[in-house]
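Residue-level structure breakdown
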Amino acid sequence: TIVVGGGTALAPRDLKRLLAASTSSPIGFMFLAVGAASPIAALFHLTAHAAMKSALFLGPGIFQHARGTTEFEPLRGIGRGYRRTYLGMVVAGLALAGVPPLAGFWSKEAIVAATFHASANWLWGSLALVGSLLTGMYVARALRLLWYGDADDEDVPGIGWMGAGLAGF
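I will try to describe carefully the structure that is included in this document. Note that the structure is a prediction, hence the values are computed from the model and not measured. (Residues numbered from 1 in each chain as written. Predicted model: local features only at pLDDT ≥ 70, side-chain atom pairs only at ≥ 80, totals over all residues. Heavy atoms only, no water.)

**Details of helix H9 (residues 123–147)**
Residues spaced three or four apart along an α-helix point in a common direction, a consequence of the helix completing one turn every 3.6 residues. Compared with an ideal rise of 1.5 Å per residue, which puts 25 residues at 36 Å, H9 spans 36 Å between its outermost C-alpha atoms and is within 8% of the ideal. Once H9 ends, the next one or two residues include glycine 149, with phi positive near 140°. (Helix = DSSP H or I, 4+ residues; strand = E, 2+ residues; numbered from the N terminus. Expected span 1.5 Å × (residues − 1).)

**Details of the packing of aromatic side chains**
The final tally for this structure, using the stated rule, is four aromatic pairs. For the ring pair tyrosine 86 and tryptophan 147, a centre distance of 5.0 Å and an interplane angle of 35° mean the geometry is tilted. Of this pair, tyrosine 86 sits in helix H7 (residues 83–97) while tryptophan 147 sits in helix H9, and the two are 61 residues apart along the sequence. Of the residues examined, tyrosine 86 reaches a relative accessible area of 11% and is grouped as buried. (Phe/Tyr/Trp six-rings, centres within 6.5 Å; stacked < 30°, edge-to-face > 60°. Buried < 20%, exposed > 50% of the residue type's maximum accessible area, 1.4 Å probe, protein only.)

**Things to note about unusual backbone geometry**
Proline 101 follows proline 100 through a cis peptide bond whose omega is 5°. Position of proline 101 among the secondary structure elements: in the loop between H7 and helix H8 (103–118). Even without being a glycine, alanine 37 presents a positive backbone phi close to 65°. If you trace the backbone, alanine 37 turns up in the loop between helix H3 (24–35) and helix H4 (39–67). Given the relative accessible area of 67%, alanine 37 is considered exposed.

**Considerations on the nonpolar core**
Counting residues in each nonpolar core, the largest one holds 27 residues, and the members touching the most others are Leu15, Phe63, Met89 and Leu146. Going through the elements one at a time, helix H2 (15–21), H4, helix H5 (72–75), H7 and H9 are the ones with two or more residues in this core. Not counting chain neighbours up to four residues away, the residues in contact with phenylalanine 63 comprise Leu15, Gly68, Thr69, Leu75, Ile78, Tyr82, Thr85, Tyr86, Met89 and Leu146. Met30, Ala33, Val112 and Ala128 belong to the second largest nonpolar core, which has 10 residues in total. (Core = buried A, V, L, I, M, F, W, Y, C linked by side-chain atoms within 4.5 Å. Contact = heavy atoms within 4.5 Å.)

**So, the side chain of threonine 135**
Structurally, threonine 135 can be placed in helix H9. We classify threonine 135 as buried; its relative accessible area is 2%. If sequence neighbours within four positions are ignored, threonine 135 has contacts with Ser25, Leu96, Ala97 and Lys108.

**What to know about the packing of H4 against H7**
With their axes 9 Å apart at the nearest point, H4 and H7 run at an angle of 150° to one another. By the angle class used here, H4 and H7 are roughly antiparallel. For the crossing formed where H4 meets H7, the hand is left-handed. Side by side, H4 and H7 meet where His49, Met52, Lys53, Ala55, Leu56, Gly59, Pro60, Ile62 and Phe63 of the first sit next to Thr85, Tyr86, Met89, Ala92, Gly93, Ala95 and Leu96 of the second. Split into classes, the residues belonging to the contact of H4 with H7 amount to 11 nonpolar, four polar and one charged. (Axes fitted to C-alpha atoms, helices over the stretch in contact; angles between N-to-C directions. Parallel < 35°, antiparallel > 145°, perpendicular 65-115°, else oblique. Left-handed = near helix turned anticlockwise from the far one by under 90°. Nonpolar A, V, L, I, M, F, W, Y, C, P; charged D, E, K, R; others polar.)

This is how it looks when you write it as structure tokens:
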């Protein structure tokens, strides 16, 4: 589930579909934690994932409000026009990818450590590491597509209030 979910998230041409496809991978991490006899690590990852993913879904909502779509092609470069929203997505994306010292690193680290500790077989821990790498790849793809391209956007009413949710995560 971890690897297939992460691999599936590499293909979508729509930002919301990418984020939705990537949701099954953390579920795999949680099952792996429970299988490694560490339900606390699973609960920690569930909580961290909820915060990261909610912030990541707020960004596309703002971008959709501005350009009328969440497809990557029309959204190219919108990150430069909406820098604060993009920065919130960068921080949440880095956390999701497991970059230290953000919450995603600690929750994934707890799962990987529990898996390597509980299993004499390195396969499960290695799959978790591959899943983390795939997470970094699809997050990097999304952020790159949102940054490079045209940034000619005018102010959209209400964006400030929508962005307040991103700042709160």
